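Inside the fold
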Amino acid sequence: MTLADDPKTLVSTAWLAAHRSDPDLRVIDASWYLPDAGRDAKAEYKAAHILGARFFDIDEITDSRSNLPHMAPPPEKFVSRMRAMGIGDGHQVVVYDGSGLFSAARVWWTFRLMGKTDVAVLDGGFPKWQAEGREVEDMPPVLRDRHITVSRQHALVKDVTQVAHAAKLGEAEIIDARSAARFKGEAPEPRPGLRAGHIPGSKNVPYASLLNPDGTMKPVADLRAVFEAAGVNLSKPAITSCGSGVTAAVLSLALERMGHKNHALYDGSWAEWGMYEDLAVEKG
């Protein structure tokens, strides 16, 4: 066990190994990759996953009414998918991904958006679990329907109008998780048709700067130092953003670890902001 284990934010591989047989523990594989990664999350899950893990499809459990990528699902869709996966009230959920700590935080945030707080990200994810020689399987889990109640927490998500308002008035710190090159507008966006640059006044904290080389999250004091070095005023409300709302959740997880409770995620992120010509863009 480690002092950092917190079933509401982040748990170690040792914690999961110790609790894996708990009757109310549910494990989720939330692997998702950018198109240029050349990886197939579903195929990798079928080949090997942590015992009992269910696969959470970030591209399917989404708001199908939106033309933006993997926007948060409506509560009723989330409920139906979780019931079918055998995840419900009274469960402690642990989410991991195949990168270490990348897309799992997005699913952690989605659960919290639905009012479910007994959910943690596996620190270091599947790579760390495998590196330690821990048990995996290629069999799908036995699923039993479980009732789940949700209550959407509207304060945890922002739309483009709210973000534009916050940027104009400077009433919140908008923190961008993309790489420095994309933030500065020096590298092209992976999605075609998007302008390069960032939301005016936003600060850049690349999500990878919050992680150790093994994909685990840095200690709280180091996280705080990274945000402060980027010029983030941690006394103000925070809005996290990225390319499409996935790695923004890594920032949200870090802020929660730091005890910064007043944070929301811009779900449309740059996939939305970079698309609209009437929204201002900064470079450099």
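All figures in this text were calculated on a predicted structure; none of them were measured in a lab. (Residues numbered from 1 in each chain as written. Predicted model: local features only at pLDDT ≥ 70, side-chain atom pairs only at ≥ 80, totals over all residues. Heavy atoms only, no water.)

Below, the discussion takes up the overall build of the protein chain. Check the secondary structure of the protein chain and you find ten helices and twelve strands. Against the globule reference of 19 Å for 284 residues, the protein chain gives a C-alpha radius of gyration of 18 Å, in line with a compact fold. For the protein chain, the spread of C-alpha atoms along the principal axes amounts to about 50 × 40 × 35 Å. The burial tally for the protein chain puts 53% of its 284 residues in the buried class. The average position of the 33 basic charges and that of the 37 acidic charges among the side chains of the protein chain differ by 2 Å. (Helix = DSSP H or I, 4+ residues; strand = E, 2+ residues; numbered from the N terminus. Rg over C-alpha atoms; globule rule 2.2 N^0.38 Å. Buried < 20%, exposed > 50% of the residue type's maximum accessible area, 1.4 Å probe, protein only. Lys, Arg positive; Asp, Glu negative; His and termini not counted. Charge placed at Lys NZ, Arg CZ, Asp CG, Glu CD.)

Quick look at the pairing of strand β12 (residues 263–266) now. Side chains His263 and Leu265 of β12 all project onto a buried face; the interleaved residues Ala264 and Tyr266 project onto the opposite face, where all are buried too. In this sheet, β12 lies alongside strand β8 (residues 157–158) in parallel orientation, the contact comprising two bridges. Counterpart to Val157 in the pairing with β12 is Leu265. By the bridge criterion, three bridges tie strand β11 (residues 238–241) to β12 in an arrangement that is parallel. Among the inter-strand pairings, Ala238 is bridged to a residue of β12, identified as His263. Handedness of the crossover is the feature at issue here: the chain leaves β11, passes through helix α9 (residues 248–257), returns alongside β12, and the resulting connection is right-handed. (Pairing = 2+ DSSP bridges. Right-handed = clockwise from strand over helix to strand, strands pointing away.)

Turning our eyes to something else, we now look at the sheet that holds strand β6 (residues 119–122). One open sheet holds the five strands; their spatial order is β1-β6-β5-β2-β4, and the pairing between them is parallel. This sheet does not close on itself; its edge strands, each paired only once, are β1 (10–11) and β4 (54–55). Where helix α4 (residues 104–113) meets the sheet, it contacts β2 (25–29), β5 (92–96) and β6, and its direction lies at approximately 175 degrees from that of β6. (Contact = heavy atoms within 4.5 Å. Axes fitted to C-alpha atoms, helices over the stretch in contact; angles between N-to-C directions.)

This part takes up the sheet that holds β11. The five strands are arranged β8-β12-β11-β9-β10 in an open sheet whose pairing can be described as parallel. A strand with exactly one partner marks an edge of an open sheet, and here the two such strands are β8 and β10 (203–204).

Let's shift gears to the packing of aromatic side chains. Inspection of the entire model under this criterion finds six aromatic pairs. Here the aromatic rings of Phe102 and Tyr207 are separated by 5.6 Å at their centres, their planes lie at 55 degrees, and the arrangement is tilted. Of this pair, Phe102 sits in the loop between β5 and α4 while Tyr207 sits in the loop between β10 and α8 (220–229), and the two are 105 residues apart along the sequence. On the accessibility criterion, Phe102 (9% relative accessible area) is buried. Accessibility expressed as a relative area gives 24% for Tyr207, which makes it partly exposed. Among the aromatic residues, those joined into a ring-pair cluster are Trp32, Phe102 and Tyr207. Directly above the ring of Trp129 sits Arg134, whose terminal nitrogen or CZ lies 5.6 Å from the centroid. Taking NZ or CZ as reference, Arg178 lies 4.6 Å from the ring centre of Trp270, over its face. (Phe/Tyr/Trp six-rings, centres within 6.5 Å; stacked < 30°, edge-to-face > 60°. Lys NZ or Arg CZ within 6 Å of the ring centre and 35° of its normal.)

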